[in-house]
Amino acid sequence: MDAPAPEPSPPPAPPAAAPAFVDPGAAEGLPALGATDFWEILYGRRSVRRFKQDLPPAELVERVVHAGTWAPSSCNYQMWDLVVVDDPELNRALGELSTQMANAPVNIVVSYGTGFSEEGMAGLQSASAMIQNMSLAAHALGLGTFWITAMGSAEKVRETVGLPRDRFVVAVLALGWPDYPEGKFPRAPKRRPMDEVSHENHYGGRAIPSSADPQAWESDLLGIYQRARVMNGLRHNKPRPWEVRALEESLDLLLPDGAEKRAPDAEGQAPRWLDVLPCTGILVERVSKRRPGFRFDVAERSRAVATFAGGRTRPKAGLFAWPVPAGEAAVALDEAPLPPVEAGAYDVVSCLFRLEGLPPLERERALATLASYLKPGGRLLLGLVSQRSFHDWTERLRARRGGPRGVEYVLSPDPSIGPFRAVDVAEVESAARAAGLTTTSRTGVQAVPQPEEIDFRTRNFAPRSRKLATLVGKGLATLERLPGVQARYGRFQFLLLTKA
Ligand SMILES: Cc1cc2nc3c(=O)[nH]c(=O)nc-3n(C[C@H](O)[C@H](O)[C@H](O)COP(=O)(O)O)c2cc1C
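If you're wondering where the values come from, they're calculated on a predicted model, not measured in any experiment. (Residues numbered from 1 in each chain as written. Predicted model: local features only at pLDDT ≥ 70, side-chain atom pairs only at ≥ 80, totals over all residues.)

This part is about the environment of Ser430. Mapped onto the elements of the fold, Ser430 is located in helix α14 (residues 425-434). Considering only alpha carbons, one finds Ser430 and Glu364, 66 residues apart in sequence, at a separation of 9.5 Å. (Helix = DSSP H or I, 4+ residues; strand = E, 2+ residues; numbered from the N terminus.)

Written as C-alpha coordinates, this is what we have:
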(Lines give C-alpha, C1' and ligand atoms only; values in the text may rest on other atoms or scores of the structure.)
Protein backbone atom coordinates (compact mmCIF):
# COMPACT_ATOMS: atom_id res chain seq x y z
CA MET A 1 0.00 0.00 0.00
CA ASP A 2 1.18 3.52 -0.79
CA ALA A 3 2.39 5.63 2.11
CA PRO A 4 -0.11 8.40 2.99
CA ALA A 5 0.63 11.73 1.30
CA PRO A 6 2.43 14.14 3.64
CA GLU A 7 0.30 16.87 5.18
CA PRO A 8 0.73 20.19 3.28
CA SER A 9 2.78 22.55 5.38
CA PRO A 10 0.81 25.49 6.78
CA PRO A 11 1.50 28.94 5.28
CA PRO A 12 4.10 30.92 7.21
CA ALA A 13 2.62 33.09 9.95
CA PRO A 14 2.82 36.87 9.35
CA PRO A 15 5.49 38.58 11.45
CA ALA A 16 3.90 39.39 14.80
CA ALA A 17 5.61 42.75 15.13
CA ALA A 18 4.17 44.31 11.94
CA PRO A 19 2.27 47.42 13.01
CA ALA A 20 -1.33 47.83 11.89
CA PHE A 21 -1.57 49.63 8.53
CA VAL A 22 -2.74 53.24 8.62
CA ASP A 23 -3.15 54.91 5.25
CA PRO A 24 -1.15 58.17 5.39
CA GLY A 25 -2.94 59.40 2.24
CA ALA A 26 -6.37 59.22 3.91
CA ALA A 27 -5.08 61.54 6.64
CA GLU A 28 -4.30 64.04 3.86
CA GLY A 29 -7.79 63.82 2.37
CA LEU A 30 -7.08 61.42 -0.49
CA PRO A 31 -9.80 58.90 -1.45
CA ALA A 32 -9.81 55.59 0.44
CA LEU A 33 -7.83 52.73 -1.09
CA GLY A 34 -9.58 49.68 -2.51
CA ALA A 35 -8.36 46.19 -1.59
CA THR A 36 -5.64 45.00 -3.97
CA ASP A 37 -3.46 41.97 -4.20
CA PHE A 38 0.17 42.99 -3.88
CA TRP A 39 1.56 40.20 -6.10
CA GLU A 40 -1.00 40.84 -8.81
CA ILE A 41 0.03 44.50 -8.88
CA LEU A 42 3.73 43.69 -8.82
CA TYR A 43 3.68 41.15 -11.63
CA GLY A 44 0.78 42.65 -13.55
CA ARG A 45 2.25 46.14 -14.04
CA ARG A 46 3.34 46.71 -17.64
CA SER A 47 4.83 49.63 -19.48
CA VAL A 48 1.78 51.18 -21.12
CA ARG A 49 2.44 53.28 -24.20
CA ARG A 50 -1.07 53.87 -25.58
CA PHE A 51 -3.32 56.20 -23.62
CA LYS A 52 -6.82 57.65 -23.77
CA GLN A 53 -6.52 61.39 -24.14
CA ASP A 54 -8.96 62.30 -21.31
CA LEU A 55 -7.30 63.35 -18.08
CA PRO A 56 -7.52 60.96 -15.13
CA PRO A 57 -9.27 62.50 -12.06
CA ALA A 58 -6.98 64.83 -10.13
CA GLU A 59 -7.36 62.87 -6.89
CA LEU A 60 -6.06 59.70 -8.56
CA VAL A 61 -3.04 61.54 -9.93
CA GLU A 62 -2.45 62.92 -6.44
CA ARG A 63 -2.70 59.43 -4.99
CA VAL A 64 -0.02 58.25 -7.45
CA VAL A 65 2.31 61.11 -6.54
CA HIS A 66 1.63 60.56 -2.86
CA ALA A 67 2.68 56.92 -3.20
CA GLY A 68 5.86 58.19 -4.85
CA THR A 69 6.72 60.34 -1.87
CA TRP A 70 6.55 57.24 0.36
CA ALA A 71 9.49 55.63 -1.41
CA PRO A 72 12.74 55.31 0.55
CA SER A 73 15.29 58.06 -0.05
CA SER A 74 18.91 58.40 0.95
CA CYS A 75 19.03 59.69 4.59
CA ASN A 76 15.32 60.38 4.08
CA TYR A 77 16.40 63.69 2.53
CA GLN A 78 13.59 63.50 -0.06
CA MET A 79 15.31 66.03 -2.29
CA TRP A 80 13.05 65.05 -5.16
CA ASP A 81 10.92 67.62 -6.92
CA LEU A 82 8.16 66.68 -9.32
CA VAL A 83 6.26 68.61 -11.93
CA VAL A 84 2.95 67.06 -12.96
CA VAL A 85 2.31 68.35 -16.47
CA ASP A 86 -1.30 68.10 -17.65
CA ASP A 87 -1.44 71.34 -19.65
CA PRO A 88 -1.77 70.27 -23.32
CA GLU A 89 0.41 73.19 -24.51
CA LEU A 90 3.27 72.24 -22.17
CA ASN A 91 2.89 68.58 -23.06
CA ARG A 92 3.12 69.52 -26.73
CA ALA A 93 6.39 71.34 -25.95
CA LEU A 94 7.69 68.23 -24.15
CA GLY A 95 6.53 66.08 -27.07
CA GLU A 96 8.68 68.17 -29.37
CA LEU A 97 11.75 67.31 -27.30
CA SER A 98 10.96 63.60 -27.60
CA THR A 99 7.95 61.89 -29.17
CA GLN A 100 7.88 59.62 -26.12
CA MET A 101 6.37 62.49 -24.14
CA ALA A 102 3.66 62.99 -26.75
CA ASN A 103 1.68 59.89 -25.74
CA ALA A 104 0.01 60.42 -22.38
CA PRO A 105 -2.26 63.24 -21.14
CA VAL A 106 -0.03 63.56 -18.05
CA ASN A 107 3.76 63.61 -17.90
CA ILE A 108 5.35 63.62 -14.45
CA VAL A 109 8.81 65.15 -14.58
CA VAL A 110 10.91 63.69 -11.76
CA SER A 111 14.00 65.58 -10.60
CA TYR A 112 16.43 65.38 -7.70
CA GLY A 113 18.72 67.97 -6.05
CA THR A 114 22.07 67.93 -7.87
CA GLY A 115 24.26 68.44 -4.80
CA PHE A 116 22.46 65.94 -2.56
CA SER A 117 23.25 62.28 -1.98
CA GLU A 118 25.84 62.19 -4.75
CA GLU A 119 27.80 59.32 -3.18
CA GLY A 120 26.87 56.08 -4.84
CA MET A 121 24.44 58.06 -6.97
CA ALA A 122 22.06 57.81 -4.02
CA GLY A 123 20.01 60.77 -5.28
CA LEU A 124 19.40 58.99 -8.56
CA GLN A 125 18.55 55.78 -6.72
CA SER A 126 16.07 57.59 -4.49
CA ALA A 127 14.32 59.17 -7.46
CA SER A 128 14.17 55.76 -9.17
CA ALA A 129 12.53 54.22 -6.10
CA MET A 130 9.97 57.01 -6.25
CA ILE A 131 9.24 56.37 -9.93
CA GLN A 132 8.75 52.66 -9.29
CA ASN A 133 6.38 53.41 -6.39
CA MET A 134 4.34 55.68 -8.65
CA SER A 135 4.25 53.07 -11.43
CA LEU A 136 2.90 50.41 -9.08
CA ALA A 137 0.39 52.77 -7.45
CA ALA A 138 -0.91 53.85 -10.86
CA HIS A 139 -1.38 50.23 -11.91
CA ALA A 140 -3.25 49.49 -8.65
CA LEU A 141 -5.63 52.33 -9.56
CA GLY A 142 -6.19 51.03 -13.09
CA LEU A 143 -3.98 53.71 -14.63
CA GLY A 144 -1.01 53.06 -16.89
CA THR A 145 2.52 54.46 -16.92
CA PHE A 146 5.76 54.21 -18.78
CA TRP A 147 9.18 55.32 -17.68
CA ILE A 148 10.91 57.72 -20.07
CA THR A 149 14.63 58.36 -20.09
CA ALA A 150 14.75 59.02 -23.84
CA MET A 151 13.76 62.63 -23.18
CA GLY A 152 15.79 64.21 -25.99
CA SER A 153 17.49 66.62 -23.62
CA ALA A 154 16.99 66.40 -19.84
CA GLU A 155 18.21 70.01 -19.58
CA LYS A 156 15.53 71.23 -21.99
CA VAL A 157 12.88 69.28 -20.08
CA ARG A 158 14.06 71.01 -16.89
CA GLU A 159 13.85 74.43 -18.55
CA THR A 160 10.45 73.72 -20.12
CA VAL A 161 8.83 73.00 -16.75
CA GLY A 162 10.75 75.72 -14.90
CA LEU A 163 12.78 73.55 -12.51
CA PRO A 164 15.82 75.35 -11.05
CA ARG A 165 19.30 74.70 -12.45
CA ASP A 166 20.39 72.66 -9.44
CA ARG A 167 17.76 69.96 -10.04
CA PHE A 168 18.62 67.20 -12.49
CA VAL A 169 15.79 65.56 -14.34
CA VAL A 170 16.01 61.82 -13.74
CA ALA A 171 13.12 60.68 -15.92
CA VAL A 172 9.58 61.45 -16.96
CA LEU A 173 6.71 59.15 -16.06
CA ALA A 174 3.91 59.14 -18.63
CA LEU A 175 0.53 58.61 -16.94
CA GLY A 176 -3.04 58.10 -18.11
CA TRP A 177 -5.82 55.58 -18.77
CA PRO A 178 -4.52 52.71 -20.90
CA ASP A 179 -6.09 52.55 -24.35
CA TYR A 180 -5.84 49.01 -25.70
CA PRO A 181 -8.53 46.98 -27.43
CA GLU A 182 -9.87 44.01 -25.47
CA GLY A 183 -7.18 41.37 -25.02
CA LYS A 184 -4.41 43.59 -26.40
CA PHE A 185 -2.96 44.90 -23.12
CA PRO A 186 0.85 44.59 -23.45
CA ARG A 187 2.19 41.16 -22.66
CA ALA A 188 5.04 40.85 -20.18
CA PRO A 189 8.44 40.87 -21.87
CA LYS A 190 10.37 37.83 -20.67
CA ARG A 191 12.84 38.10 -17.81
CA ARG A 192 16.35 36.58 -17.64
CA PRO A 193 16.22 33.32 -15.66
CA MET A 194 16.78 33.72 -11.90
CA ASP A 195 19.80 31.41 -11.73
CA GLU A 196 21.60 33.48 -14.36
CA VAL A 197 20.99 36.68 -12.42
CA SER A 198 21.17 35.74 -8.75
CA HIS A 199 23.96 33.93 -6.88
CA GLU A 200 24.34 32.68 -3.34
CA ASN A 201 27.04 34.21 -1.15
CA HIS A 202 29.60 34.41 -3.90
CA TYR A 203 29.18 35.31 -7.55
CA GLY A 204 29.48 32.08 -9.50
CA GLY A 205 28.40 33.13 -12.96
CA ARG A 206 30.00 34.50 -16.09
CA ALA A 207 28.72 38.01 -16.55
CA ILE A 208 27.67 39.29 -19.94
CA PRO A 209 30.49 41.71 -20.92
CA SER A 210 29.60 45.36 -21.37
CA SER A 211 32.53 45.89 -23.76
CA ALA A 212 31.93 46.23 -27.50
CA ASP A 213 35.22 44.46 -28.24
CA PRO A 214 34.63 40.97 -29.72
CA GLN A 215 37.72 39.69 -27.86
CA ALA A 216 35.88 40.19 -24.54
CA TRP A 217 33.05 37.85 -25.54
CA GLU A 218 32.66 34.11 -25.59
CA SER A 219 30.29 32.65 -28.11
CA ASP A 220 27.82 31.18 -25.63
CA LEU A 221 27.55 34.46 -23.70
CA LEU A 222 26.82 36.20 -26.97
CA GLY A 223 24.10 33.59 -27.52
CA ILE A 224 22.54 34.44 -24.17
CA TYR A 225 22.79 38.19 -24.77
CA GLN A 226 21.21 37.96 -28.22
CA ARG A 227 18.45 35.76 -26.91
CA ALA A 228 17.64 38.46 -24.35
CA ARG A 229 17.64 41.11 -27.10
CA VAL A 230 15.18 39.31 -29.34
CA MET A 231 12.96 38.52 -26.35
CA ASN A 232 12.35 42.27 -26.18
CA GLY A 233 11.03 42.23 -29.72
CA LEU A 234 12.20 44.67 -32.34
CA ARG A 235 11.50 47.94 -30.57
CA HIS A 236 15.21 48.49 -30.05
CA ASN A 237 16.28 47.07 -33.42
CA LYS A 238 14.79 49.06 -36.22
CA PRO A 239 16.21 48.58 -39.72
CA ARG A 240 18.12 51.62 -40.88
CA PRO A 241 16.95 52.56 -44.39
CA TRP A 242 20.46 53.36 -45.70
CA GLU A 243 21.75 49.96 -44.58
CA VAL A 244 18.85 48.08 -46.13
CA ARG A 245 19.44 50.03 -49.35
CA ALA A 246 23.14 49.06 -49.37
CA LEU A 247 22.21 45.40 -48.97
CA GLU A 248 19.47 45.37 -51.61
CA GLU A 249 21.53 47.22 -54.22
CA SER A 250 24.53 44.94 -53.69
CA LEU A 251 22.39 41.82 -53.79
CA ASP A 252 20.93 42.86 -57.15
CA LEU A 253 24.42 43.44 -58.48
CA LEU A 254 26.16 40.33 -57.15
CA LEU A 255 23.42 37.72 -57.05
CA PRO A 256 20.67 38.71 -59.47
CA ASP A 257 19.42 35.13 -59.96
CA GLY A 258 16.57 33.73 -57.89
CA ALA A 259 14.53 36.95 -57.93
CA GLU A 260 11.73 35.17 -59.80
CA LYS A 261 9.13 33.46 -57.65
CA ARG A 262 8.98 29.70 -58.09
CA ALA A 263 5.93 27.54 -57.66
CA PRO A 264 5.99 25.70 -54.31
CA ASP A 265 7.68 22.38 -54.87
CA ALA A 266 6.84 19.35 -52.74
CA GLU A 267 10.21 17.78 -53.54
CA GLY A 268 12.06 20.75 -52.13
CA GLN A 269 13.75 21.30 -55.48
CA ALA A 270 14.24 25.05 -55.09
CA PRO A 271 17.88 26.03 -54.62
CA ARG A 272 18.79 26.32 -50.95
CA TRP A 273 20.03 29.42 -49.14
CA LEU A 274 21.36 29.40 -45.59
CA ASP A 275 21.65 32.68 -43.70
CA VAL A 276 24.08 32.37 -40.83
CA LEU A 277 23.57 34.29 -37.57
CA PRO A 278 20.59 36.38 -38.69
CA CYS A 279 19.79 37.33 -35.06
CA THR A 280 16.91 39.83 -35.32
CA GLY A 281 16.18 38.58 -38.84
CA ILE A 282 15.89 42.13 -40.19
CA LEU A 283 18.26 41.36 -43.05
CA VAL A 284 17.23 37.79 -43.86
CA GLU A 285 13.62 38.97 -44.09
CA ARG A 286 14.59 41.44 -46.79
CA VAL A 287 16.89 39.05 -48.63
CA SER A 288 14.27 36.30 -48.70
CA LYS A 289 11.64 38.72 -50.04
CA ARG A 290 13.99 39.80 -52.79
CA ARG A 291 15.08 36.26 -53.68
CA PRO A 292 11.84 34.24 -53.56
CA GLY A 293 13.36 31.62 -55.88
CA PHE A 294 15.30 30.15 -52.96
CA ARG A 295 14.30 28.03 -49.99
CA PHE A 296 15.72 29.65 -46.86
CA ASP A 297 17.22 28.16 -43.71
CA VAL A 298 18.89 29.96 -40.82
CA ALA A 299 21.66 28.88 -38.43
CA GLU A 300 21.84 30.48 -35.00
CA ARG A 301 23.42 30.08 -31.58
CA SER A 302 20.12 29.43 -29.81
CA ARG A 303 16.74 27.99 -30.70
CA ALA A 304 14.90 31.08 -29.44
CA VAL A 305 16.86 33.43 -31.72
CA ALA A 306 16.65 31.04 -34.69
CA THR A 307 12.88 30.80 -34.23
CA PHE A 308 12.57 34.58 -34.05
CA ALA A 309 14.67 35.23 -37.16
CA GLY A 310 13.44 32.22 -39.13
CA GLY A 311 9.85 33.33 -38.54
CA ARG A 312 10.48 36.43 -40.63
CA THR A 313 10.93 34.65 -43.96
CA ARG A 314 7.96 33.38 -46.03
CA PRO A 315 7.65 30.43 -45.86
CA LYS A 316 9.31 30.15 -42.45
CA ALA A 317 12.96 29.17 -42.65
CA GLY A 318 14.31 25.82 -41.45
CA LEU A 319 16.22 26.19 -38.16
CA PHE A 320 19.75 24.90 -37.57
CA ALA A 321 22.52 25.26 -34.99
CA TRP A 322 25.54 27.46 -35.41
CA PRO A 323 28.23 25.48 -33.60
CA VAL A 324 29.63 26.96 -30.40
CA PRO A 325 33.43 26.68 -30.79
CA ALA A 326 34.79 23.40 -29.45
CA GLY A 327 36.58 23.42 -26.10
CA GLU A 328 34.54 26.28 -24.71
CA ALA A 329 32.53 25.81 -21.53
CA ALA A 330 29.06 26.01 -23.02
CA VAL A 331 26.52 27.52 -20.68
CA ALA A 332 23.35 25.54 -21.16
CA LEU A 333 20.88 27.74 -22.96
CA ASP A 334 18.30 25.51 -21.36
CA GLU A 335 16.46 24.71 -24.55
CA ALA A 336 16.19 21.75 -26.90
CA PRO A 337 19.24 21.80 -29.21
CA LEU A 338 18.82 22.57 -32.90
CA PRO A 339 19.98 20.08 -35.54
CA PRO A 340 23.42 20.68 -37.10
CA VAL A 341 23.64 22.21 -40.58
CA GLU A 342 24.01 19.64 -43.35
CA ALA A 343 27.46 19.90 -44.92
CA GLY A 344 27.71 20.49 -48.70
CA ALA A 345 23.98 21.14 -49.05
CA TYR A 346 23.62 24.82 -49.94
CA ASP A 347 23.68 26.75 -53.18
CA VAL A 348 24.10 30.03 -51.32
CA VAL A 349 25.29 30.76 -47.79
CA SER A 350 25.16 34.34 -46.51
CA CYS A 351 26.72 35.95 -43.48
CA LEU A 352 25.82 39.62 -43.29
CA PHE A 353 27.71 41.82 -40.82
CA ARG A 354 28.32 39.05 -38.32
CA LEU A 355 32.05 38.32 -38.74
CA GLU A 356 32.66 41.75 -37.15
CA GLY A 357 31.31 40.40 -33.86
CA LEU A 358 33.87 37.57 -33.67
CA PRO A 359 37.47 37.64 -32.45
CA PRO A 360 39.94 37.12 -35.38
CA LEU A 361 40.72 33.46 -34.67
CA GLU A 362 37.08 32.54 -34.41
CA ARG A 363 36.43 34.46 -37.61
CA GLU A 364 38.84 32.18 -39.47
CA ARG A 365 37.11 29.12 -38.07
CA ALA A 366 33.74 30.58 -38.98
CA LEU A 367 34.80 31.07 -42.61
CA ALA A 368 35.90 27.44 -42.85
CA THR A 369 32.55 26.36 -41.37
CA LEU A 370 30.63 28.57 -43.83
CA ALA A 371 32.59 27.06 -46.73
CA SER A 372 31.80 23.52 -45.52
CA TYR A 373 28.04 24.17 -45.85
CA LEU A 374 28.31 24.93 -49.60
CA LYS A 375 27.84 22.52 -52.48
CA PRO A 376 30.72 22.50 -54.96
CA GLY A 377 30.21 25.62 -57.06
CA GLY A 378 28.04 27.13 -54.29
CA ARG A 379 28.42 30.80 -53.43
CA LEU A 380 29.10 32.59 -50.16
CA LEU A 381 27.78 36.15 -49.80
CA LEU A 382 29.61 38.17 -47.17
CA GLY A 383 28.52 41.62 -46.02
CA LEU A 384 31.30 43.44 -44.15
CA VAL A 385 31.83 46.83 -42.57
CA SER A 386 35.27 47.94 -43.71
CA GLN A 387 37.98 49.31 -41.46
CA ARG A 388 39.13 51.39 -44.42
CA SER A 389 36.04 53.61 -44.33
CA PHE A 390 34.60 56.46 -42.33
CA HIS A 391 32.90 53.96 -39.99
CA ASP A 392 35.49 54.12 -37.20
CA TRP A 393 35.57 57.92 -37.44
CA THR A 394 31.88 58.02 -36.63
CA GLU A 395 32.60 56.00 -33.48
CA ARG A 396 35.47 58.33 -32.51
CA LEU A 397 33.34 61.40 -33.08
CA ARG A 398 30.64 59.95 -30.87
CA ALA A 399 33.14 59.17 -28.10
CA ARG A 400 34.45 62.76 -28.28
CA ARG A 401 30.96 64.11 -27.81
CA GLY A 402 30.74 62.00 -24.66
CA GLY A 403 28.42 59.44 -26.22
CA PRO A 404 28.02 56.07 -24.47
CA ARG A 405 30.55 53.45 -25.51
CA GLY A 406 29.20 50.13 -24.23
CA VAL A 407 28.09 47.21 -26.34
CA GLU A 408 24.51 48.42 -26.39
CA TYR A 409 25.51 51.55 -28.28
CA VAL A 410 28.21 50.30 -30.64
CA LEU A 411 27.57 51.40 -34.21
CA SER A 412 26.70 48.49 -36.45
CA PRO A 413 24.07 47.49 -38.96
CA ASP A 414 21.40 45.79 -36.85
CA PRO A 415 22.30 47.64 -33.64
CA SER A 416 22.32 46.35 -30.06
CA ILE A 417 22.99 42.71 -30.88
CA GLY A 418 26.50 42.42 -29.51
CA PRO A 419 30.15 43.39 -29.94
CA PHE A 420 31.24 44.87 -33.24
CA ARG A 421 34.53 45.98 -34.85
CA ALA A 422 34.95 46.97 -38.49
CA VAL A 423 37.18 44.45 -40.27
CA ASP A 424 40.14 44.42 -42.61
CA VAL A 425 38.42 43.13 -45.75
CA ALA A 426 41.69 41.86 -47.28
CA GLU A 427 42.31 39.76 -44.16
CA VAL A 428 38.84 38.23 -44.33
CA GLU A 429 39.39 37.48 -48.01
CA SER A 430 42.67 35.71 -47.37
CA ALA A 431 41.05 33.59 -44.60
CA ALA A 432 38.29 32.74 -47.08
CA ARG A 433 40.91 31.69 -49.65
CA ALA A 434 42.45 29.42 -47.04
CA ALA A 435 38.98 27.87 -46.64
CA GLY A 436 38.88 27.02 -50.36
CA LEU A 437 36.84 30.00 -51.59
CA THR A 438 37.60 32.30 -54.52
CA THR A 439 36.27 35.84 -54.82
CA THR A 440 34.03 35.99 -57.89
CA SER A 441 32.71 39.53 -57.61
CA ARG A 442 32.54 42.37 -55.12
CA THR A 443 31.10 45.79 -54.53
CA GLY A 444 31.65 48.64 -52.08
CA VAL A 445 28.97 51.18 -51.24
CA GLN A 446 28.50 54.32 -49.15
CA ALA A 447 31.94 55.85 -48.88
CA VAL A 448 30.45 58.81 -46.99
CA PRO A 449 27.55 59.04 -44.51
CA GLN A 450 24.19 59.10 -46.28
CA PRO A 451 21.79 62.06 -45.81
CA GLU A 452 19.33 59.90 -43.81
CA GLU A 453 22.11 58.77 -41.50
CA ILE A 454 23.32 62.32 -40.89
CA ASP A 455 19.77 63.36 -40.17
CA PHE A 456 19.32 60.46 -37.73
CA ARG A 457 22.64 60.76 -35.90
CA THR A 458 22.38 64.51 -35.41
CA ARG A 459 18.75 64.47 -34.25
CA ASN A 460 19.69 65.71 -30.77
CA PHE A 461 22.22 68.33 -31.92
CA ALA A 462 21.59 72.06 -31.64
CA PRO A 463 19.97 73.37 -34.87
CA ARG A 464 23.17 75.18 -35.94
CA SER A 465 25.42 72.10 -35.55
CA ARG A 466 22.79 70.04 -37.35
CA LYS A 467 22.76 72.41 -40.31
CA LEU A 468 26.55 72.35 -40.42
CA ALA A 469 26.63 68.53 -40.40
CA THR A 470 24.08 68.44 -43.26
CA LEU A 471 26.22 70.87 -45.28
CA VAL A 472 29.39 68.82 -44.68
CA GLY A 473 27.43 65.71 -45.74
CA LYS A 474 26.40 67.40 -49.00
CA GLY A 475 30.02 68.32 -49.71
CA LEU A 476 31.19 64.77 -49.06
CA ALA A 477 28.48 63.36 -51.33
CA THR A 478 30.27 64.89 -54.34
CA LEU A 479 33.49 63.05 -53.33
CA GLU A 480 31.61 59.77 -53.32
CA ARG A 481 30.84 60.12 -57.01
CA LEU A 482 34.52 60.04 -57.99
CA PRO A 483 35.40 56.79 -59.78
CA GLY A 484 36.63 53.98 -57.56
CA VAL A 485 35.92 55.76 -54.27
CA GLN A 486 33.01 53.56 -53.21
CA ALA A 487 34.76 50.34 -54.19
CA ARG A 488 37.83 51.34 -52.17
CA TYR A 489 36.45 53.27 -49.26
CA GLY A 490 32.82 52.13 -49.09
CA ARG A 491 31.71 51.42 -45.55
CA PHE A 492 29.76 48.36 -46.70
CA GLN A 493 31.73 45.82 -48.70
CA PHE A 494 29.99 42.81 -50.21
CA LEU A 495 31.99 39.83 -51.47
CA LEU A 496 30.67 36.94 -53.49
CA LEU A 497 32.95 33.91 -53.12
CA THR A 498 32.67 30.58 -54.89
CA LYS A 499 33.59 27.14 -53.63
CA ALA A 500 35.72 25.15 -56.08
C1 LIG B 1 15.51 53.36 -16.20
C2 LIG B 1 14.47 53.01 -17.24
C3 LIG B 1 14.40 53.74 -18.38
C4 LIG B 1 13.42 53.47 -19.34
N5 LIG B 1 13.33 54.28 -20.43
C6 LIG B 1 12.35 54.07 -21.34
C7 LIG B 1 12.18 54.97 -22.43
O8 LIG B 1 12.89 55.96 -22.56
N9 LIG B 1 11.21 54.70 -23.32
C10 LIG B 1 10.39 53.61 -23.21
O11 LIG B 1 9.54 53.41 -24.08
N12 LIG B 1 10.50 52.75 -22.16
C13 LIG B 1 11.45 52.96 -21.23
N14 LIG B 1 11.56 52.13 -20.14
C15 LIG B 1 10.62 50.99 -19.99
C16 LIG B 1 11.26 49.66 -20.31
O17 LIG B 1 11.43 49.50 -21.70
C18 LIG B 1 10.36 48.54 -19.75
O19 LIG B 1 10.27 48.71 -18.36
C20 LIG B 1 10.90 47.16 -20.04
O21 LIG B 1 10.86 46.89 -21.43
C22 LIG B 1 10.12 46.06 -19.31
O23 LIG B 1 8.76 46.08 -19.64
P24 LIG B 1 7.64 46.23 -18.51
O25 LIG B 1 7.85 47.58 -17.86
O26 LIG B 1 6.32 46.16 -19.23
O27 LIG B 1 7.81 45.11 -17.53
C28 LIG B 1 12.52 52.39 -19.15
C29 LIG B 1 12.60 51.64 -17.98
C30 LIG B 1 13.55 51.96 -17.02
C31 LIG B 1 13.58 51.18 -15.72
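Our next topic: the site of the ligand. As a structural note, the neighbourhood of the ligand is formed by Arg46, Ser47, Gln100, Phe146, Trp147, Ile148, Thr149, Ala150, Pro186, Ala188 and Pro189. The residue inventory of the shell around the ligand, partitioned by class, reads 7 nonpolar, 3 polar and 1 charged. (Near = placed C-beta within 6 Å. Nonpolar A, V, L, I, M, F, W, Y, C, P; charged D, E, K, R; others polar.)

Take the sheet that holds strand β8 (residues 346-352) next. One open sheet accounts for 7 strands, arranged β7-β6-β5-β8-β9-β11-β10; its pairing is mixed. Strands with a single pairing partner mark the edges of an open sheet, and in this sheet they are β7 (318-321) and β10 (437-445). Each strand axis lies, on average, 20° off the axis of its neighbour in the sheet, ignoring direction. Bridging between strand β9 (residues 374-385) and strand β11 (residues 492-499) involves 7 bridges; their strand directions are antiparallel. Residue pairing for β11: Leu380 is matched across the bridge by Leu497. (Pairing = 2+ DSSP bridges. Axes fitted to C-alpha atoms, helices over the stretch in contact; angles between N-to-C directions.)

Further remarks concern the domain arrangement of the protein chain. Entries for the protein chain in the domain assignment read domain 1 (38-176) and domain 2 (237-499). Placing the centre of domain 1 and that of domain 2 at their C-alpha centroids yields a distance of 40 Å. (Domains from an automatic or database assignment.)

With that settled, consider the packing of helix α9 (residues 241-254) against helix α10 (residues 282-290). Put simply, α9 and α10 touch, their axes get as near as 11 Å, and they point 35° apart. Crossing geometry of α9 relative to α10 is assigned as right-handed. Seen from α9, the contacting residues are Val244, Leu247, Glu248 and Leu251; seen from α10, they are Leu283, Arg286, Val287 and Arg290. Within the contact of α9 with α10, the residues separate by chemical class into 5 nonpolar, no polar and 3 charged. (Left-handed = near helix turned anticlockwise from the far one by under 90°. Contact = placed C-beta atoms within 7 Å.)

Glancing now at the environment of Ile208. Here Ile208 shows up in the loop between α7 (194-197) and α8 (219-231). The sequence separation of Ile208 and Ser302 amounts to 94 residues, and the corresponding C-alpha distance is 16 Å. Setting aside anything within four residues of it in sequence, one finds Ile208 in contact with Leu221, Ile224 and Tyr225.

Attention now goes to helix α3 (residues 58-69). Because the α-helix completes a turn every 3.6 residues, residues three or four places apart line up on one side. Compared with the 16 Å implied by 1.5 Å per residue over 12 residues, the 17 Å span of α3 between its first and last C-alpha is a close match. Listed in full, the buried residues belonging to α3 are Val61, Arg63, Val64, Val65, Ala67 and Gly68. The inward-facing, buried residues of α3 contact α1 (24-27), β1 (80-85), β2 (106-113), α5 (122-140) and β4 (167-176). (Expected span 1.5 Å × (residues − 1). Buried ≥ 20, exposed ≤ 12 C-beta atoms within 10 Å, placed from the backbone.)

Further remarks concern the sheet that holds strand β3 (residues 144-148). Spatial strand order, β1-β2-β4-β3: 4 strands in an open sheet with antiparallel pairing. Each edge of the open sheet carries a strand with a single partner, namely β1 and β3. The sheet shows a mean angle of 25° between the axes of neighbouring strands, taken without regard to direction. Bridging between β2 and β4 involves 8 bridges; their strand directions are antiparallel. Directly across from Ser111, in β4, lies its bridge partner Val169. The strands that α3 touches are β1, β2 and β4; relative to β1, the one it contacts most, it runs at about 160°.

This brings us to unusual backbone geometry. Here the residue pair Arg314 and Pro315 is connected by a cis peptide bond, since its omega of -10° sits within 30 degrees of zero. In this structure, Pro315 sits in the loop between α11 (303-310) and β7. In the Ramachandran plot, Asn201 falls in the positive-phi region, its phi being about 65° despite a non-glycine side chain. Residue placement: Asn201 occurs in the loop between α7 and α8. Classification of Asn201 by C-beta neighbours within 10 Å gives exposed; the count is 5. In this structure, Asp414 is a non-glycine residue whose phi angle is positive, near 65°.

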